[in-house]
There are 2 protein chains.
Amino acid sequence: AGDPAAGKAKAAICAACHGADGVAMIPGYPNLKGQNEQYLANALKAYKNKERTGGMAMVMQPQASMLNDTDIANVAAYFAQLK
Amino acid sequence: AGDPAAGKAKAAICAACHGADGVAMIPGYPNLKGQNEQYLANALKAYKNKERTGGMAMVMQPQASMLNDTDIANVAAYFAQLK
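My aim in this report is to walk through the structure given alongside it, one point at a time. (Residues numbered from 1 in each chain as written. Chains lettered and ligands numbered in written order. Predicted model: local features only at pLDDT ≥ 70, side-chain atom pairs only at ≥ 80, totals over all residues. Heavy atoms only, no water.)

**What to know about the packing of aromatic side chains**
Residue and element names in this part refer to chain A.
Point 1. Applying the stated rule across the entire model yields two aromatic pairs over all chains.
Point 2. Ring centres of Tyr78 and Phe79 lie 5.0 Å apart, and the angle between their planes is 65°; this geometry places the pair in the edge-to-face category.
Point 3. Looking at Phe79, the relative accessible area reads 3%, which means it is buried. (Phe/Tyr/Trp six-rings, centres within 6.5 Å; stacked < 30°, edge-to-face > 60°. Buried < 20%, exposed > 50% of the residue type's maximum accessible area, 1.4 Å probe, protein only.)

**Side note on the side chain of Asn31 of chain B**
Point 1. Note on placement: Asn31 of chain B falls in the loop between helix 2 (15-18) and helix 3 (37-48).
Point 2. Side-chain polar atoms of Asn31 of chain B contact the backbone oxygen of Gly34 of chain A, separated by 3.2 Å.
Point 3. Not counting residues up to four positions away in its chain, the partners in contact with Asn31 of chain B are Gly34, Gln35 and Asn36 of chain A together with Gly22, Val23 and Ala24 of chain B. (Helix = DSSP H or I, 4+ residues; strand = E, 2+ residues; numbered from the N terminus. Polar contact = N/O pair within 3.5 Å; in protein donor to acceptor, adjacent residues only side chain to side chain. Contact = heavy atoms within 4.5 Å.)

**Details of the side chain of Asn36 of chain B**
Point 1. For Asn36 of chain B, the location among the structural elements is in the loop between helix 2 and helix 3.
Point 2. Polar contacts involving the side chain of Asn36 of chain B include one to the main-chain amide nitrogen of Gln38 of chain B, which spans 3.1 Å.
Point 3. Look past the residues within four positions of Asn36 of chain B in its chain and what remains in contact with it is Ile26, Pro27, Gly28, Tyr29 and Asn31 of chain A.

**A word on helix 5 (residues 69-80) of chain A**
Residue and element names in this part refer to chain A.
Point 1. Its twelve residues give helix 5 an end-to-end C-alpha distance of 16 Å, which sits within 8% of 16 Å, the value for a rise of 1.5 Å per residue.
Point 2. Turning to helix 5, its buried residues are Asp71, Ile72, Asn74, Val75, Ala76, Ala77, Tyr78 and Phe79.
Point 3. Of the surrounding secondary structure, the elements contacted by the buried residues of helix 5 are helix 1 (4-10) and helix 3 (37-48).
Point 4. Two or three places before Thr70, at the opening of helix 5, Asn68 has a side-chain oxygen 3.0 Å from that residue's backbone nitrogen. (Expected span 1.5 Å × (residues − 1).)

**Notes on the relation of the copies chain B and chain A**
Point 1. Mapping chain B onto chain A leaves a residual RMSD of 0.0 Å; the transformation is a rotation of 180° accompanied by 0.0 Å of translation along its axis. Here the two chains are linked by the operation of a two-fold rotation axis. Rotation axis and chain B: the residue whose C-alpha lies nearest the axis is Arg52 of chain B, separated from it by 2.2 Å.
Point 2. Of all interface residues in chain B, 100% are interface residues in chain A too; the two copies therefore contact each other through one and the same surface. (Least-squares fit on C-alpha atoms with pLDDT ≥ 70 in both.)

**Focus: the packing of helix 3 of chain A against helix 5 of chain A**
Residues and elements named next belong to chain A.
Point 1. Interaxial distance between helix 3 and helix 5 falls to 8 Å at its minimum, and their mutual angle equals 140°. Of the possible angle classes, the one that applies to helix 3 and helix 5 is oblique. Helix-helix and strand crossings are classified by hand; for helix 3 and helix 5 the assignment is right-handed. Here helix 3 contributes Glu37, Leu40, Ala41, Leu44, Lys45 and Lys48 to the contact with helix 5, which in turn contributes Asp69, Ile72, Ala73, Val75, Ala76, Ala77, Phe79 and Ala80.
Point 2. Looking at the contact of helix 3 with helix 5 residue by residue, the classes come out as ten nonpolar, no polar and four charged. (Axes fitted to C-alpha atoms, helices over the stretch in contact; angles between N-to-C directions. Parallel < 35°, antiparallel > 145°, perpendicular 65-115°, else oblique. Left-handed = near helix turned anticlockwise from the far one by under 90°. Nonpolar A, V, L, I, M, F, W, Y, C, P; charged D, E, K, R; others polar.)

**Here we look at the interface of chain B and chain A**
Point 1. In this complex, chain B contributes 17 residues to the contact, which on the side of chain A involves 17 residues.
Point 2. When chain B packs against chain A, the two sides together hide about 1,400 Å² of surface, and 38% of this comes from carbon and sulfur.
Point 3. If you sort the residues of chain B by the area they bury against chain A, Gly28, Tyr39 and Glu51 of chain B come out on top, with a joint share of 30%.
Point 4. Counting every contact that joins chain B to chain A gives zero salt bridges.
Point 5. Linking chain B with chain A are eight residue pairs in polar contact (both at pLDDT 80 or more). (Buried area = accessible area lost by both parts, 1.4 Å probe. Salt bridge = Lys/Arg side-chain N within 4 Å of Asp/Glu carboxyl O.)

**Here's the deal with a nonpolar patch on the surface**
Point 1. A cluster of nonpolar side chains, namely Met56, Met58 and Val59 of chain A, defines an oily patch on the protein surface of about 280 Å² accessible area.
Point 2. According to the relative accessible area criterion, Val59 of chain A is partly exposed, its value standing at 33%. (Patch = residues over 30% accessible without salt bridge, like charges linked within 9 Å, V, L, I, M, F, W, Y side chains within 5 Å. Areas by Shrake-Rupley, 256 points an atom, 1.4 Å probe, with all protein chains shown as cover.)

Note that every value here comes from positions in space, so none of it alone points to a role or purpose.
As structure tokens, then:
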């Protein structure tokens, strides 16, 4: 499991689209608050590995590519623990 | 926007992995309860169009392929309105 505090420090850019509280205000963007931690990590890795294409993947692929495996675990832990 | 009642009728199979209440009990599977409706529809379409690969896409591609556009809108509306 990741470190939520370390994840928060990496997650500032996520808030631009997914909301500071993990609730996206833009239709079509997923809420991240309380989402399953392992799913969030898997989704980020899928974007990083270009296994997700189409839709907003053009945004998420480069975002995810900036995160290493530890960053991904930490960011996933951060959003998963938001209430 | 889709029809939640019609979506519920199509969503029984989803519950096997994503939970009857839209909260997945299996690590690595996303919660769907209260998720953004348009995002859910976009995600299903991405699986149907094979724009999402890797991970559990091997499960979700065939599931999504059984849904037409109306079904997708309705299933998305159903999970989005779960509290």
